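# Structural features, examined
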Amino acid sequence: MENRSLSLAARLILLLAFSCPALAADSGPSPELEADWQLRLDKAEALQSESRARKDEAERIFEQKSAQCRKNFLVNQCLDQARHEHMLSGRAASNLEIEGKALERAVKKEQLADKDRRQAEAAPQRAVERESRAVETGEARQAAEAEAAATRANKARQAEEGARRKAAEAEQQRKKREDHEARVARKMQQAERHEAEAAKK
């Protein structure tokens, strides 16, 4: 029993030793870091939205200029100029989208690295908790098995006592029956003697 309390105390000390970093790891990133990530994600979304808007605008302008070029005398030269302007606008919009996606990827990568770091810091705590749960489960299983064994032993003892009691009762009944039969036999003998004596008179 003393060894068990010592091992329990050792587990509690280990649990406390690892609980501080684990609690920090479980609490998640700091509010400042969360705010920085959110700010950068919002900026990435804004850049990608602006890129989509610029692409839509460039497409609209290109359609307008293409329609105007078909009315001009130098149609091909006008269309080439419109395509060139459309391509430059599309590149600028694509650069915004690339910048936004790169910023978003960087934030996601930082978030994943932070999550991995927190999980690594919490791993010893989780290992201690798993070991503690395993010990508790083992102890509970042993206690349940001991209780079940005690219950089985108690039932076996009760069954044995019941069998002994039935055997004793059966023996008692047999003796009573024999006594009764012996009394009846004696009375019948006495009655026969009386009859014989009466017949002699």
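A brief structural summary. Computed from a predicted structure; not experimentally measured.

When helices and strands are tallied, the chain shows three helices and zero strands. Written out in order from the N terminus, the α and β elements of the chain read α-α-α. In the chain, which comprises 201 residues, the proportion classed as buried is 15%. Of the roughly 15700 Å² that the chain leaves accessible, carbon and sulfur atoms contribute 56%.

So, about the packing of helix α2 (residues 31–69) against helix α3 (residues 75–200). Between α2 and α3, the shortest axis-to-axis distance is 8 Å and the interhelical angle comes to 165°. The orientation of α2 with respect to α3, classified from their angle, is roughly antiparallel. Pair α2 / α3 crosses with left-handed handedness. Looking at the contact of α2 with α3 residue by residue, the classes come out as 18 nonpolar, nine polar and 16 charged.

Evaluated as defined, the whole model comprises 16 salt bridges. Arginine 83 is the partner of aspartate 80 in a salt bridge, and the nearest nitrogen-oxygen pair spans 3.1 Å. Highlighted residues: aspartate 80 and arginine 83, both in helix α3, separated by three residues, approximately one helical turn. Judged by relative accessible area, which is 46%, aspartate 80 ranks as partly exposed. A relative accessible area of 44% means that arginine 83 is categorised as partly exposed. Across the pair glutamate 178 and arginine 174 runs a salt bridge whose closest N-O atoms are separated by 2.4 Å.

Scoring rules and cut-offs
Residues numbered from 1 in each chain as written. Predicted model: local features only at pLDDT ≥ 70, side-chain atom pairs only at ≥ 80, totals over all residues. Heavy atoms only, no water. Helix = DSSP H or I, 4+ residues; strand = E, 2+ residues; numbered from the N terminus. Buried < 20%, exposed > 50% of the residue type's maximum accessible area, 1.4 Å probe, protein only. Areas by Shrake-Rupley, 256 points an atom, 1.4 Å probe, with all protein chains shown as cover. Axes fitted to C-alpha atoms, helices over the stretch in contact; angles between N-to-C directions. Parallel < 35°, antiparallel > 145°, perpendicular 65-115°, else oblique. Left-handed = near helix turned anticlockwise from the far one by under 90°. Nonpolar A, V, L, I, M, F, W, Y, C, P; charged D, E, K, R; others polar. Salt bridge = Lys/Arg side-chain N within 4 Å of Asp/Glu carboxyl O.

That is the geometry; function is a separate question.
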